[in-house]
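For reference, the chains in residue letters:
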Amino acid sequence: MSNHASHVLEVRFSGAVFSLFVTVEGQEIDLRFDGDSTWQRTITGFVVTGPLDVACLAKGLSQTECVLQITLDGTVAGEFKGTISAKGIWQIVRSIPVPGAERA
């Protein structure tokens, strides 16, 4: 039996990029730009049924540093740092373990 608990999810991305696409658990997260170099979104009532599957694709100037941070219920669950490649992209696909959550 899986735990379908509701959580507060915060997704934050920092870095100078032209376009950004982030998904958590297959749901596209529409991040809001703060006017500087940070995008973020907080979602209350986010249902977690197992490890968080996270994907990010960022396009920008090569050699630009970037950070994707996933916070669950006020605790950083995962933080991923990288540098945009010479081709102008940075991408990750990760699974973040969530204590107490099991896949159905």
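Just above, that's the structure.
Rules used throughout
Residues numbered from 1 in each chain as written. Predicted model: local features only at pLDDT ≥ 70, side-chain atom pairs only at ≥ 80, totals over all residues. Heavy atoms only, no water. Helix = DSSP H or I, 4+ residues; strand = E, 2+ residues; numbered from the N terminus. Buried < 20%, exposed > 50% of the residue type's maximum accessible area, 1.4 Å probe, protein only. Contact = heavy atoms within 4.5 Å. Areas by Shrake-Rupley, 256 points an atom, 1.4 Å probe, with all protein chains shown as cover. Salt bridge = Lys/Arg side-chain N within 4 Å of Asp/Glu carboxyl O. Pairing = 2+ DSSP bridges.

Engineer: I'd like a rundown of the overall build of the protein chain, residues and numbers included.
Structural biologist: Regarding its fold elements, the protein chain presents zero helices and nine strands. The dimensions of the protein chain, computed from C-alpha atoms along their principal axes, are 45 × 25 × 20 Å. Every one of the 104 residues in the protein chain was classed for burial, and the buried ones make up 39%. Taking contacts inside the protein chain between residues at least 6 apart in sequence as the whole, the part at least 24 apart equals 67%. Summing over all exposed atoms, the protein chain offers an accessible surface of approximately 6000 Å²; the carbon and sulfur share of this is 51%.

Engineer: Help me get a handle on the pattern of salt bridges, residues and values and all.
Structural biologist: In the structure shown here, the tally under the stated rule is two salt bridges. Glu 10 is paired through a salt bridge with Arg 12; the nearest N and O atoms lie 3.0 Å apart. The partly exposed category is assigned to Arg 12, whose relative accessible area is 33%.

Engineer: Run through the sheet that holds strand β2 (residues 17-24), naming residues and quoting values.
Structural biologist: Across a sheet, paired strands are connected by hydrogen bonds in the backbone, their directions being either parallel or antiparallel. In space, the four strands of this open sheet follow the order β3-β2-β6-β9, with antiparallel pairing throughout. Either end of the sheet is taken by a strand with one partner, and the two such strands are β3 (27-28) and β9 (89-96).

Engineer: Before we move on, can you summarise unusual backbone geometry with the specific residues and values?
Structural biologist: Unusually for a residue other than glycine, Glu 25 sits at a positive phi of about 55°. Structurally, Glu 25 is set in the loop between β2 and β3. In this model, Gln 63 sits at a positive phi of 70°, which is unusual for a non-glycine residue. When you line up the elements, Gln 63 lands in the loop between β6 (52-60) and β7 (65-72).

Just geometry here; none of it tells us what the structure is for.
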